[in-house]
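Structure at a glance
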Amino acid sequence: MKFTQQSERGSVQSNRQHMKKRKRKKPLVLRILGHIGSVIAVTFLSFFLIFCITGSICAVAATAYVMNYMESTTTVSIQEMIMGYSTNVYVTNPDGEQEAVYTVENAVQRIPVDLEVVPQHVRNAFVYGEDERFYSHEGVDYKRTLAAFANLVLEFWATEQGGSTITQQLVKNLTGDNETSPLRKIREIFRAMQLEKRYNKDEILEAYLNYIGFGGAANGVEKAAQKYFGKSVSDISVAEAACLAAIPQSPEVNNPFAGHYEMAENKVTGTTYRTDVWVNTGREINRARMEYILFQMYDNGAITYDEYQEALAEELLFTDTEEYKALHPELEEEEQEEKEEYTSWVVDAALNEFAEYLMEERGVSEQRAFAIINSGGFQIYTTVDVEMQNYVEEKYSDLNNLLKGMTTADRTVYYRDLDGDGVSSFEESMSLQSGFTAIDYAGNILCTVGGIGEKKASLGISYANTEPQQPGSAIKPVSTYGYALSNDYLTWSTKVLDYPPLKINNKPWPTNYSTNSNYVKYSNSKIMVYTAIQDSYNTIPALLCKTYGVDNVYGFATGVAGLDLVESNDMDYAPLSVGALYHGITVEDLVNAYMIYGNGGYFSDAHIISRVETSDGNLVYTGGADYTAVIDEETAYVMNKLLQNVVNNGTGKAAKLSANGKVIPLAAKTGTTSDWYDLMFMALNPDFVSGVWIGYPENKEIRNHFSIASPKIWKNIIGEWIQTHYSGEEFPACDSVITARVCTETGKIAVEGCPTGVTGYWKSTNAPYCDGHESALAAP
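About the thresholds
- Residues numbered from 1 in each chain as written.
- Predicted model: local features only at pLDDT ≥ 70, side-chain atom pairs only at ≥ 80, totals over all residues.
- Heavy atoms only, no water.
- Helix = DSSP H or I, 4+ residues; strand = E, 2+ residues; numbered from the N terminus.
- Buried < 20%, exposed > 50% of the residue type's maximum accessible area, 1.4 Å probe, protein only.
- Contact = heavy atoms within 4.5 Å.
- Areas by Shrake-Rupley, 256 points an atom, 1.4 Å probe, with all protein chains shown as cover.
- Pairing = 2+ DSSP bridges.
- Axes fitted to C-alpha atoms, helices over the stretch in contact; angles between N-to-C directions.
- Parallel < 35°, antiparallel > 145°, perpendicular 65-115°, else oblique.
- Left-handed = near helix turned anticlockwise from the far one by under 90°.
- Nonpolar A, V, L, I, M, F, W, Y, C, P; charged D, E, K, R; others polar.
- Phe/Tyr/Trp six-rings, centres within 6.5 Å; stacked < 30°, edge-to-face > 60°.

**Quick look at the overall build of the protein**
Counting secondary structure elements, the protein contains 27 helices and 26 strands. Counting across all 780 residues of the protein, residues that qualify as buried make up 47%. Residue pairs in contact within the protein that sit at least 24 positions apart in sequence constitute 67% of those at least 6 positions apart. For the protein, the accessible surface area stands at approximately 39,400 Å², while carbon and sulfur atoms represent 50% of it.

If you want it as structure tokens, here you go:
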């Protein structure tokens, strides 16, 4: 029994222990959830550690980058504000000496003043208007900077949120670093911090007040006070100070003189035109910010409440008001004495050329390029022939000089009704304008005149080198004929069919303009190339375009002759065959293209600048560096002979010149648009190539045009000059060209028994001798 009881007792204890173990085991769901939680915790911890490690690495890298970037950031000096030299433009005078003809007036006009001269209320207006914590920060107001950064990235506000302190604004103005990017802001911050370490607050504020822009050319608070109030900064009131302090935020918008000319609509045509009525927009904008600045001054304890109210109530007297002018009658006399002298045609061309170089070389805007020129102290040396320039400018002083022997200026006036009142008046009329350019055979511009009469603007319109015009037939030698001749597709006397090769609106195109009567025609017979060029046929260039491809002709015109054309519009039959271009080309551009036919086939971009140097003599730019052969000398020689034939026997006869009993060799081409909007004439003599355009500023048919011949206009401008200055040289010879008589039946080189015509010129690579009269070429 004992044994049995003990066994039962042990069995009970064992069951109890087993039951306890079974009670401690968790449900399966909890065990699964617990396992998942453990995995998540471990994963999160792992990612957290990875994030911390990666963040630490990035932080170290960023710190290293920032430190290196800070070290490489250019140090800014206030001295840069007052350093600089004038940019000068030089010509070579008749004695061979360099003579400065223009000193570029710096675009910045300022009168520096010491801070002691600037009243405290003026200083306060700028500080509390632009940077109220100026005296407490170390160059950067981090609260405003963070807000500006947030807006730059996240664009909370529709407009740019400024965060720049006075120090930062000074840095930006000194460096010209205006890029809108976080990197630029970092550069600006570092530079501002450096500036604060080098200069005290008064020095920085003085530089700021002397440097910032106040609209137009006015820079610095003293110049601004004189411009807007006619007084020194030491004499301006609190209200006037706030008015000036309101400008730098946006000088061209906030200045009190800002505005625009009112536009009006022509009731007949529906077009708009600019009137002489000036609409001021700056007063109201300036007033709003001025009131904000006055409140800032009051809110920061710079002025009392009574001073605040008094300033708000003050009526400002600006120098552009009739009231101010009545109080200062001496100003009218001073303004007359200081009447603006406009830059010359030579200076305009030189500055434009150098600006284009800077835009391409440095990737800057046109505005920035001129700013660099104005403040860079460059010495610009030109290629112009002063005597020729003065001579042609004198011719261009009166339109009658150009029209001499043909008609008079008054008979070419184009009357208009601009205001739609039904009356065409002289005040609304247009007179003919013209542009002329002469270039030597190295691409040096010897003369450029961009308009008739008194020059009325600086860097304005030039009908010689800025305003594109339609060349008409003057384009043919540097497009279709040039391409075909250079590739041996035609010769001096290849016979081609005078018939319109295309149809437009189901009508044959193009047709020829008759020099003998006022109608168009085509002969439907075969003519020789020299005749087609001589009499300016339109059908033959169109046939060349169709036969050899507009893309090939376009490639020659732009890639060889250097014409500035618009590929999407000008790679077509009309532009390349008859000169109906999309925008047109300038006289300078076309004259430049013709140079290859007077110097054996060499081309260089036309340039009026020989070289540009810095003030310390370092070379910046050289004109003519691209001088290179673009066609073979035989092509140049034969084309030159073809163009001489235009003067001797064709449309250019009126240009003939002689000196001392000797005929001066001339090679030329006329150009006339079908609607008589434009007349052009390009002419080569052994010393230089030149060209002229004449027409109205707007596309209108030239009045009395039947009395006007472009070769005669050219001769009236430069003919006498050439006669008195002709060197006696001939065009470059080419011994390999074959000179022989033309077989009148085949257009080939005549042999014994052939009926002979004129003397012709053939390239050695394409000189077909007549082998019988059975056939003539139907097309090139």
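Picking up after the structure, the text goes on.
**Comments concerning the sheet that holds strand β23 (residues 678–684)**
Sheet architecture is open: five strands sit in the order β9-β8-β24-β23-β22, paired in antiparallel fashion. Looking along the sheet, the strands with just one partner apiece sit at the ends: β9 (445–449) and β22 (667–672). Neighbour-to-neighbour, the strand axes of this sheet turn through a mean angle of 5°, independent of strand direction. For strand β8 (residues 433–439) and β9, the ladder comprises four bridges, and the chain directions are antiparallel. Bridge pairing in β9 links A438 to C447. Relative to β9, helix α17 (residues 386–395) is tilted by about 20°, and along the sheet it contacts β8 and β9.

**Here we look at the packing of helix α8 (residues 221–229) against helix α9 (residues 238–245)**
Interaxial distance between α8 and α9 falls to 11 Å at its minimum, and their mutual angle equals 110°. Judged on the interaxial angle alone, α9 and α8 are roughly perpendicular. As α8 packs across α9, the resulting crossing turns out to be right-handed. Packed against α8, whose contacting residues are V221, A224, A225, Y228 and F229, the element α9 presents E240, C243 and L244 at the interface. For the contact of α8 with α9, a count of residues per class yields seven nonpolar, no polar and one charged.

**Some details on the packing of aromatic side chains**
Summed over the entire model, instances satisfying the criterion amount to 29 aromatic pairs. For the ring pair F295 and Y308, a centre distance of 6.3 Å and an interplane angle of 65° mean the geometry is edge-to-face. Of this pair, F295 sits in helix α11 (residues 282–299) while Y308 sits in helix α12 (residues 305–313), and the two are 13 residues apart along the sequence. According to the relative accessible area criterion, F295 is partly exposed, its value standing at 37%.

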